[in-house]
Amino acid sequence: MRFSVGLGKDGAEKRLEQNGVSRRDFMKFCATTAAVMGMGPAFAPQVAEALTQKRRPSVVYLHLAECTGCSEAVLRTVSPYIDALILDTISLDYHETLMAAAGHAAEEALHEAVNSPEGFVCVVEGGVPTADHGVYGKVAGKSMLEIVEEIVPKAAATICIGTCASYGGVQAAAPNPTKAMGVSKALGGVTTVNLPGCPPNPYNFVGAVVHYLTKGVPELDSGGRPYIFYGESVHDNCPRLKHFNRDEYATSFTSEEARKGYCLYELGCKGPDTYNNCPKVKFNQTNWPVEAGHPCIGCSEPNFWDEMSPFYKPW
Ligand code: SF4
Ligand code: F3S
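This section reports on the structure supplied with the text. (Residues numbered from 1 in each chain as written. Chains lettered and ligands numbered in written order. Predicted model: local features only at pLDDT ≥ 70, side-chain atom pairs only at ≥ 80, totals over all residues. Heavy atoms only, no water.)

1. A look at the site of ligand 1
Line of reasoning, step 1. The environment of ligand 1 is formed by H235, C238, R240, L241, F244, C263, L264, Y265, C269, G271, P272 and V290.
Line of reasoning, step 2. For the shell around ligand 1, a count of residues per class yields nine nonpolar, two polar and one charged. (Near = heavy atom within 4 Å. Nonpolar A, V, L, I, M, F, W, Y, C, P; charged D, E, K, R; others polar.)

Rendered as structure tokens:
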């Protein structure tokens with residue numbers, strides 16, 4: 001298979017090779033991304049083209065109230081080096097954790113990216129503290145609320161990575177003293193592409209970026225989540241479903257039933273009420289909570305800290 005636009009030896013292919021991504025790894029990655037997007041293998045070359053186009057989309061990546069776990073999930077992926085691909089695919093013009101610039105230089109980079117006539121995509125990680133005019137979270141003297149109010153309306157599209165940016169996350173758990181909430185709610189219902197999960201699967205992030213580059217904003221459910229990643233419940237695709245259907249449950253983590261791989265519903269699994277593609281798109285293509293023996297705690301659902309707890313008891 002030949003790479004298309006912009007992937008000559010002097011272009012993206014060379015840059016990817018320098019980052020340790022072989023042509024074979026790259027095409028495997030594109031085929032997996034196409035599959036995650038619900039497309040057949042025939043879509044892989046389009047994924048490759050989107051990821052290696054000459055004009056790279058400018059991305060402004062904002063950190064609000066969060067733990068940086070979503071960035072970590074992307075950066076710590078193993079083969080095929082999603083971090084190298086992502087950092088090569090997009091022009092990451094502002095990212096408070098990764099950028100070398102600090103202080104006024106960082107603020108200048110932000111100002112330039114946001115006001116560029118070429119436009120930009122905004123990625124937000126973290127919830128927005130809104131109580132008392134947003135005073136409980138500030139960057140460079142501005143509240144996080146002011147930052148999203150200023151930047152998100154100027155963006156061509158906004159991707160909320162993780163449950164915090166999507167719905168508030170742990171900051172929004174009761175009693176939520178800072179009145180933290182997701183970006184869309186904080187801005188009065190503005191449309192954002194929400195990729196909840198604590199953390200979300202990095203493939204869903206790559207798939208959302210590729211979808212935006214090839215087909216525009218994906219179709220979203222009422223929670224702003226792309227159907228292509230969040231259209232089915234965890235339970236729908238769980239390998240333990242056969243045991244659920246036979247009423248075969250593990251009643252303790254050390255039981256014989258747990259060892260046999262029985263259903264974890266009695267141990268609090270919230271898979272039937274959680275929409276995510278974890279069973280199909282495993283983390284690092286290796287494993288996911290339920291397969292590793294832990295109940296799903298519903299981490300991609302709105303307000304999961306309050307609504308899905310107690311985590312280890314069935315409803
Ligand atoms: Fe459903 Fe959870 Fe049981 Fe899997 S372990 S079948 S997701 S209840
Ligand atoms: Fe989260 Fe449940 Fe998947 S806890 S990572 S949505 S299995």
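After presenting the structure, the write-up continues.
2. Regarding the environment of F311
Line of reasoning, step 1. Among the structural elements, F311 can be located in the segment after α14 (304–307).
Line of reasoning, step 2. Along the primary structure F311 and G298 are separated by 13 residues, whereas in three dimensions their C-alpha atoms are 8.7 Å apart.
Line of reasoning, step 3. Apart from the residues within four sequence positions on either side, F311 is in contact with L267, G268, K270, I297, F304 and W305. (Helix = DSSP H or I, 4+ residues; strand = E, 2+ residues; numbered from the N terminus. Contact = heavy atoms within 4.5 Å.)

3. Description of the nonpolar core
Most often, soluble globular proteins have nonpolar side chains that are buried together.
Line of reasoning, step 1. Of all hydrophobic cores here, the largest spans 35 residues; its most connected members are F26, I159, L195 and F205.
Line of reasoning, step 2. Membership of the second largest hydrophobic core comes to 26 residues, among which are L110, V114, C122 and A165. (Core = buried A, V, L, I, M, F, W, Y, C linked by side-chain atoms within 4.5 Å. Buried < 20%, exposed > 50% of the residue type's maximum accessible area, 1.4 Å probe, protein only.)

4. Things to note about the pattern of salt bridges
Here the idea is simple: oppositely charged side chains can pair when their charged atoms come close.
Line of reasoning, step 1. Considering all chains together, one arrives at seven salt bridges under this definition.
Line of reasoning, step 2. Here D221 makes a salt bridge to R225, at a shortest N to O gap of 3.0 Å. Note on accessibility: D221 and R225 belong to one class, buried.
Line of reasoning, step 3. Across the pair E291 and K282 runs a salt bridge whose closest N-O atoms are separated by 3.2 Å.
Line of reasoning, step 4. Here the salt bridges do not stand alone but share partners, grouping D221, R225 and E301 into one network. (Salt bridge = Lys/Arg side-chain N within 4 Å of Asp/Glu carboxyl O.)

5. Focus: the packing of aromatic side chains
Line of reasoning, step 1. The tally for this structure, following the rule as stated, stands at eight aromatic pairs.
Line of reasoning, step 2. When the centroid spacing of 6.4 Å and the interplanar angle of 45 degrees are considered together, the rings of Y249 and Y265 count as tilted. With Y249 in the loop between α12 (241–245) and α13 (256–259) and Y265 in the loop between α13 and α14, this pair connects stretches of sequence that are 16 residues apart.
Line of reasoning, step 3. The exposure class assigned to Y265 is partly exposed, which follows from its relative accessible area of 26%.
Line of reasoning, step 4. Counting every residue linked through ring pairs, the aromatic cluster contains F244, Y249 and Y265. (Phe/Tyr/Trp six-rings, centres within 6.5 Å; stacked < 30°, edge-to-face > 60°.)

6. Brief notes about the sheet that holds strand β7 (residues 157–161)
Line of reasoning, step 1. Reading across the sheet, the five strands line up as β2-β1-β3-β7-β9 and stay open at both edges, with parallel pairing between neighbours. The open sheet has two edge strands, β2 (91–95) and β9 (193–195), and neither has a second partner. Along the sheet, successive strands turn relative to each other by an average axial angle of 20 degrees, direction set aside.
Line of reasoning, step 2. Relative to β9, β7 runs parallel, the two being bridged by three bridges. Across the sheet, the residue bridging to I159 is V193, located in β9. (Pairing = 2+ DSSP bridges. Axes fitted to C-alpha atoms, helices over the stretch in contact; angles between N-to-C directions.)

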